[in-house]
Amino acid sequence: MSGKEIYFSFFMFTSNVKPHDEQYRETVVRHIKELASYGYTGFEFPIAAPKETEHVSAKYAEDLVNYTNLRRHLDQQGLSHIKISTNVGVTPTADPSSSNPETQRKALEYLKSRVDITQALGGEIMMGPIIVPYAAFPEKPSSGKEPKKEYFWSDELQEQLKNRYDNARPILNELGKYAETKKVKLAIEPITHWETPAPNKLSQLIQFLGGVQSKQVGVVIDSAHEILDGDGPEIFKTQVEHLAREGRLHYIQISPPDRGAVHTSWIPWQSFLEPIVPVYKGPFSIEVFNAIPEFQELLRLTRRKFWIPGEDSANAYPSAYQIAKSAIEITQKQLSKIQSK
């Protein structure tokens, strides 16, 4: 046992924990109780974004009541010791990087509502893609002659992003000041270029944060994205040390490049964990994207689904619980190796 706090992402089961659904609350409780028996001390809840037409204060107030009730239900079920972090993403109509002041205003209101939800769940960390909307690759203006969509790539994209980062910095700084009053850290996630336009690299996020005064705004480092888009182990080490000195190393995710089974994936455990363990005191969250319908096309998942007990019929392939159990076992083993050096 490593002695480190290890969380598990609910992306194994769903992209929406449906806090308003009393029946699904029992499913959430069942999953938590089973996985807690393996040694997980916390869970990462995806906080579903409202529909684009629902970015309104009344919807946010309703969400807050529902998540507050979900936390109360967990506590009543003997799970008051279980910790929760949240996974949040901005949307095209609530985008802090937009040049439209009204869209930016909506983004700040929306993100503050998600900080409130995180606090209501007893969480101390809100992470995710909160600069640029996930998977929203910017389109070029249509010429009206060609029906095929065209997108900004490479140099054109990077030039466009300069302005978008400048737009987002004051919004994220204001959000950081608000989150500090709620005792919630904001961990921005750099995500691979296969999935989203920006930021893709830890170096890009570090540069962005240079213009954000609030240290409440920091980063989550995800092993999957670092393997795919990182600058290599030597530079990674200096980046981790820099973020630790800055007080911006807020969260760590263990996830394989294929977003599947941790224990059979190609994770460079030593070069990833060695710089982190001495300077990071927070939780490690294991993130597996199961082949549930909402992720299949989005992430191009060709592998079989890890069948979910209580939802799917048992079959000869690994269950979600088996994958979660193997994941924490290898993570604890690898963390212990680093700690024993």
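Here, every reference points to the structure presented above.
Residues numbered from 1 in each chain as written. Predicted model: local features only at pLDDT ≥ 70, side-chain atom pairs only at ≥ 80, totals over all residues. Heavy atoms only, no water.

(A) Region of the structure containing the packing of helix H8 (residues 269–276) against helix H10 (residues 320–340). Relative to each other, H8 and H10 sit at 60°, their axes nearing to 10 Å. As the angle between them shows, H8 and H10 are arranged oblique. With respect to the hand of their crossing, H8 and H10 are arranged in right-handed fashion. Residues Trp269, Gln270, Leu273 and Glu274 of H8 touch H10, and the partners they reach there are Ile330, Thr331, Gln334, Leu335 and Ile338. For the contact of H8 with H10, the class distribution of residues is five nonpolar, three polar and one charged. (Axes fitted to C-alpha atoms, helices over the stretch in contact; angles between N-to-C directions. Helix = DSSP H or I, 4+ residues; strand = E, 2+ residues; numbered from the N terminus. Parallel < 35°, antiparallel > 145°, perpendicular 65-115°, else oblique. Left-handed = near helix turned anticlockwise from the far one by under 90°. Contact = heavy atoms within 4.5 Å. Nonpolar A, V, L, I, M, F, W, Y, C, P; charged D, E, K, R; others polar.)

(B) Structural view of the side chain of Ser97. Positionally, Ser97 belongs in the loop between strand E3 (83–87) and helix H3 (101–120). Residue class for Ser97 comes out buried when judged on its relative accessible area of 1%. Not counting chain neighbours up to four residues away, the residues in contact with Ser97 comprise Ile131, Val132, Arg164, Asn167 and Ala168. (Buried < 20%, exposed > 50% of the residue type's maximum accessible area, 1.4 Å probe, protein only.)

(C) Broad picture of the pattern of salt bridges. Throughout the structure, instances matching the rule amount to 24 salt bridges. Note that Arg105 and Glu109 form a salt bridge whose closest N and O atoms lie 3.5 Å from each other. Here Glu109 and Arg105 lie together in helix H3, a separation of four residues that amounts to about one turn. With a relative accessible area of 42%, Arg105 lands in the partly exposed category. The exposure class assigned to Glu109 is partly exposed, which follows from its relative accessible area of 23%. A salt bridge links Lys177 to Glu174; its shortest N-O distance comes to 3.4 Å. Here Glu174 and Lys177 lie together in helix H4 (residues 154–181), a separation of three residues that amounts to about one turn. (Salt bridge = Lys/Arg side-chain N within 4 Å of Asp/Glu carboxyl O.)

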